[in-house]
Amino acid sequence: MKALAWHGKHDVRMDTVDDPEIVNPRDAIIKVTSTAICGSDLHLYDGYIPTMKAGDILGHEFMGEVVEVGAKSTLKKGQRVVVPFTIACGSCYHCGKHQYSACDNGLPADNQDIAQTLYGQPMSGLFGYSHMTGGYAGGQAEYVRVPFSDVGPIVIPDGVDDDKVLFLSDILPTGWQAAEYAQIEPGDTVAVWGCGPVGLFAVQSAFLMGAERVIAIDHFPNRLALAKRFGAETINFEETATYEALMEMTGGIGPDAVIDAVGLEAHGLFVDNVIDQIKASTFLGTDRPHSIRQAIIACRKGGRVSMPAVYGGFVDKFPLGAFMEKGLTLKTGQTHVQHYLPGLLNAIMEGKIDTEFLISHRMPLMDAPKGYKMFHDQQNEVTKIVLKPGMAQG
Amino acid sequence: MADESVRDDAPAATAKSGDASRQFAQELPEAKGDQVVARSVTINRPVGELFTFFRDFSNLPSFMENVVRIDILDEKRSHWVVKAPGGGTVEWTARITDEAPNTLIAWISEEGADVPNSGHVTFRDAGARGTVVSATILYDPPAGFIGKIVAKMFQREPAIQARRDLRRFKQLMETGEIATPAMNPKQFEEMGL
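Remember, predicted model here, so these are calculated numbers, not experimental data.

Draft legend 1. A look at the overall build of chain A. Looking only at helices and strands, chain A has 13 helices and 18 strands in total. In terms of overall size, chain A behaves like a compact globule, its C-alpha atoms giving a radius of gyration of 20 Å where 394 residues would be expected to give roughly 21 Å. Here the C-alpha coordinates of chain A stretch approximately 60 × 50 × 50 Å along the principal axes. Residue burial in chain A is summarised as follows: out of 394 residues, 54% are buried. Restricting the contact set of chain A to residue pairs at least 6 apart, pairs at least 24 apart contribute 73%.

Printed below as a string of structure tokens:
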């Protein structure tokens with residue numbers, strides 16, 4: 001089969017590799033019909049994530065048709081499914097509490113060592129996202145082996161377009177969980193840093209959860225325009241002093257809840273960001289946390305901080321004093337995708353959540369390397385690229 | 001040696017001082033070995049099920065990566081063939097020195113073992129969380145200190161193995177399978193669990 005493989009920084013290629021087969025009884029093989037490039041794939045593309053090996057197949061947002069099932073899979077051949085990016089067993093203590101991304105068994109035993117050393121305990125496995133998260137082949141391919149297929153994938157009713165439901169795999173539940181973690185109360189003002197897909201879904205989710213105002217912060221005009229479409233007020237941080245604007249827009253109080261949907265590759269020429277960039281390139285610090293710093297400073301006293309943004313290592317100059325003195329609450333983590341799927345599928349079917357607005361480009365899977373470069377170089381125009389293995393190359 | 005009267009409540013094997021193996025040896029009916037490894041894992045299954053599976057030593061190679069074969073000699077004795085660093089194997093005959101259903105299995109290697117060892121595996125009911133399984137192993141590293149370094153390089157060092165084997169035991173009992181990124185059964189074989 002053809003699959004998009006990582007070969008180094010800014011070097012991804014379409015490789016020909018063996019088709020995957022059933023290995024374990026709960027496996028299923030999915031023939032991919034749609035797969036997206038995620039903002040977090042750019043972290044891999046830019047070489048920020050350790051434990052990548054040449055030839056690793058990328059992609060953790062995908063859906064397709066079931067073509068093979070193991071003896072203990074509950075799926076049936078021919079079913080269309082969306083697959084969560086988190087690989088969780090459904091039978092351990094954490095899965096029992098619906099903390100799927102904290103699954104004890106999703107990571108192969110040998111791969112658990114790195115995460116245990118870095119984080120204290122190993123987390124769930126992830127598709128196509130380095131060997132620290134299991135070394136599982138990802139979904140930017142014609143076929144994928146899906147472990148624990150009786151727990152993760154959600155079956156999509158006939159007649160519903162791929163483009164409508166594909167984002168159940170990651171970014172929609174991630175945006176939704178981010179809003180849920182902001183513990184929104186009616187009348188709240190919520191500020192969202194980053195109008196990428198997660199930020200835009202967080203904007204929609206925050207309104208559905210009762211926020212009175214949502215203020216979206218970015219520097220790409222096209223992305224800010226999308227946030228505006230859903231009723232958000234906007235701040236372009238290149239034109240406006242963000243903290244001052246947030247304070248003025250909230251009558252000197254600050255937002256009740258803040259959501260950092262930017263993460264470890266924050267853009268922008270802020271002094272702390274430039275220092276972080278130098279440190280990241282010399283391995284003195286791994287993450288560039290400008291947005292979370294600003295969010296904590298802006299958040300109102302006693303407010304809530306939600307951090308869906310991906311951080312992998314250590315940060316410094318974290319405003320721990322402001323965090324403590326103001327008595328803030330922080331909730332964060334990889335998304336417990338499986339927990340949210342049934343409810344969010346319903347919300348899509350009932351028209352409460354718009355998903356297709358996000359897709360700016362559709363292209364054949366074979367054009368994936370071009371897609372990565374476009375997504376990396378043109379973040380204003382490119383909001384989401386969906387790759388279709390079945391689409392003819394133009 | 002530390003004053004016993006002021007020792008904390010942590011397991012002996014987590015002590016920073018060097019007498020952990022001596023302290024643990026006192027807990028065993030018969031002890032052999034001067035290095036200690038201790039690992040605990042909580043498994044979301046009833047204690048009886050786990051004990052029964054584990055006590056049938058013919059099940060152990062299904063999750064112990066480096067165990068090539070275990071021959072059951074009689075009710076108390078079993079012969080172990082285990083992969084060694086560098087490609088060879090090491091062997092020993094283990095004898096059960098103490099056993100309590102759903103609670104404990106203690107063993108010691110008999111004379112002539114390539115890697116003299118002893119230890120126990122304990123099972124403790126943890127209510128809604130399942131069962132806490134703890135393995136504590138005393139052993140003499142093959143060819144002393146250098147052997148331990150070599151073993152670590154080949155990831156066949158007992159501390160690494162015990163940790164990974166217990167995780168695989170947990171995976172097998174909780175999910176019915178062992179998690180792997182392998183793309184096909186052949187690759188799974190090559191990866192070795």
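What follows continues from the structure just given.
Draft legend 2. Representation of the environment of I57 of chain A within the structure. Residue and element names in this part refer to chain A. Mapped onto the secondary structure, I57 falls in strand β4 (residues 56-57). The class for I57 is buried, based on 23 C-beta atoms found within 10 Å. In contact with I57, other than residues within four places in its own chain, are A3, L4, A5, G128, A137, G138, Q140 and A141.

Draft legend 3. Quick look at the sheet that holds strand β13 (residues 233-236) of chain A. All names here are of chain A. Here we have 6 strands laid out as an open sheet, ordered β13-β12-β11-β14-β15-β16, and parallel in their pairing. If you trace the sheet from one side to the other, it starts and ends with β13 and β16 (329-332), each paired once. Between one strand axis and the next, the sheet turns by 20 degrees as a mean value, whatever way the strands run. Note: strand β11 (residues 189-193) against strand β14 (residues 257-260), 4 bridges, orientation parallel. By the bridge assignment, V192 is partnered in β14 with I259. Strands β11, β14 and β15 (304-307) of the sheet are contacted by helix α10 (residues 290-298), whose axis makes an angle of about 180 degrees with β14.

Draft legend 4. Just the pairing of β15 of chain A, in detail. Residues and elements named next belong to chain A. Because side chains alternate across β15, one face comprises the buried residues R304 and S306, and the other comprises V305 and M307, equally buried. Of the strand pairs in this sheet, β14 and β15 are connected by 3 bridges, and their pairing is parallel. When the bridges of β15 are listed, V258 appears paired with V305. As defined by bridge partners, β15 adjoins β16 across 4 bridges and the pair is classed as parallel.

Draft legend 5. Highlighting the domain arrangement of chain A. Residues and elements named next belong to chain A. As far as domains go, chain A holds domain 1 (2-170 + 335-388) and domain 2 (175-332). Measuring from the centre of the C-alpha atoms in domain 1 to the corresponding centre in domain 2 gives 26 Å. Between domain 1 and domain 2, the residue contacts involve 20 residues of the former and 16 residues of the latter. Every element with two or more residues in the side of domain 1 that touches domain 2 is listed here: α1 (39-45) and α12 (337-349).

Cut-off values and rules
Residues numbered from 1 in each chain as written. Chains lettered and ligands numbered in written order. Predicted model: local features only at pLDDT ≥ 70, side-chain atom pairs only at ≥ 80, totals over all residues. Helix = DSSP H or I, 4+ residues; strand = E, 2+ residues; numbered from the N terminus. Rg over C-alpha atoms; globule rule 2.2 N^0.38 Å. Buried ≥ 20, exposed ≤ 12 C-beta atoms within 10 Å, placed from the backbone. Contact = placed C-beta atoms within 7 Å. Pairing = 2+ DSSP bridges. Axes fitted to C-alpha atoms, helices over the stretch in contact; angles between N-to-C directions. Domains from an automatic or database assignment.

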